[in-house]
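# Descriptive structure summary
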Amino acid sequence: RRSSDLSGMTISTDITIAYLLQGSFYGHSIYASLYMDVWRRDSVVMVTHHVVTLVLITFSYAFRSATFQEELFKGALKFHQCLKDSVQRARIKL
């Protein structure tokens, strides 16, 4: 039996189960970090990590958007290159 995501693609049951397990792990991790763990200096970072990861897992399952993620990564690389070039130009002017 296969399920369907928002893009209309069929997803095999084993992939759906893998997404469900990972999503439930990170969902529980958010709850555990907020209510069960001892609050430490890095707890905010840990909760943020769990929230972002859960959003990415959900987004990936719902839209199967590898191309969107690739374009986002390419944009980050271009931004890094522009930043690197502007720093080099600033050094030359000094």
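Here, every reference points to the structure presented above.
Overview of the structure. Per chain, the residues get numbers from 1 upward, laid out in the order the sequence is written. Confidence filtering applies because this is a predicted model: local features only for residues at pLDDT of at least 70, side-chain atom pairs given and counted only at 80 or more, and all residues used for totals across whole chains, interfaces and linings. Hydrogens and water molecules were not included; the side-chain quantities draw on all heavy atoms of the structure.

For the rest of this paragraph, the subject is the overall build of the chain. Helix numbers and strand numbers start at the N terminus; a helix is a DSSP run of H or I with at least 4 residues, a strand a run of E with at least 2. When its secondary structure is counted, the chain shows three helices and two strands. When the helices and strands of the chain are listed from N to C terminus, the series reads β-β-α-α-α. Only protein chains enter the calculation, and the probe is 1.4 Å; a residue is then buried if its accessible area is under 20% of its type maximum, exposed if over 50%, and partly exposed in between. Of all 94 residues assigned to the chain, the portion counted as buried reaches 18%. The contact definition used throughout considers only heavy atoms, calling two residues in contact when any of these lie within 4.5 Å. Counting only contacts in the chain whose residues sit at least 6 apart along the sequence, the fraction spanning at least 24 positions is 53%. To be clear on the numbers: accessible area is Shrake-Rupley with a 1.4 Å probe, and residue cover counts the displayed protein chains and nothing else. Accessible surface, the chain: about 7800 Å² in total, of which carbon and sulfur atoms supply 66%.

Let us now look at a nonpolar patch on the surface. By definition, no residue in a patch forms a salt bridge, and every one has over 30% relative accessible area; like charges are joined within 9 Å, nonpolar side chains (Val, Leu, Ile, Met, Phe, Trp, Tyr) within 5 Å. Salt-bridge detection follows one rule: a side-chain nitrogen of Lys or Arg within 4 Å of a carboxyl oxygen of Asp or Glu. Together, Tyr31, Leu34, Tyr35, Met36, Trp39 and Val44 make up a nonpolar patch on the protein surface, roughly 710 Å² of accessible area in all. Top contributing element to the nonpolar patch by residue count: helix H1 (residues 13-36), with four residues. Relative to the assigned elements, Trp39 resides in the loop between H1 and helix H2 (43-63). Taking relative accessible area as the criterion, Trp39 reaches 49% and is therefore assigned partly exposed.

Let us look at H1. Relative to the 34 Å expected for 24 residues at 1.5 Å per residue, H1 spans 32 Å between its end C-alpha atoms, a close match to the ideal helical length. Regarding H1, the residues found buried are Gly23, Tyr26, Ser29, Ile30, Ala32 and Ser33. Residues of H1 that are buried sit in contact with H2. Take the number of residues in a helix, subtract one, and multiply by 1.5 Å to get its expected span.

Right, let's get into H2. With 21 residues, H2 extends 30 Å from end C-alpha to end C-alpha; this agrees with the ideal 30 Å at 1.5 Å per step. Taken residue by residue, H2 has Ser43, Val47, His50, Thr53, Ile57, Ser60 and Ala62 as its buried positions.

Moving on, we get to the packing of aromatic side chains. Between 30 and 60 degrees the pair is tilted, below 30 it is stacked and above 60 it is edge-to-face, where a pair is any two Phe, Tyr or Trp rings, Trp via its six-membered ring, whose centres lie within 6.5 Å. Applying the stated criterion to the full structure yields three aromatic pairs. Note on Tyr19 and Tyr61: the rings are 5.1 Å apart at their centroids and 55 degrees apart in plane angle, and the pair reads as tilted. Here the residue Tyr19 occupies a position in helix H1, and Tyr61 occupies one in helix H2, the gap between them amounting to 42 residues. The exposure class assigned to Tyr61 is partly exposed, which follows from its relative accessible area of 22%. Their ring planes at 45 degrees and their centres at 5.3 Å tell us that Tyr31 and Tyr35 sit as a pair that is tilted.

Any link to function would need more than the numbers given here.
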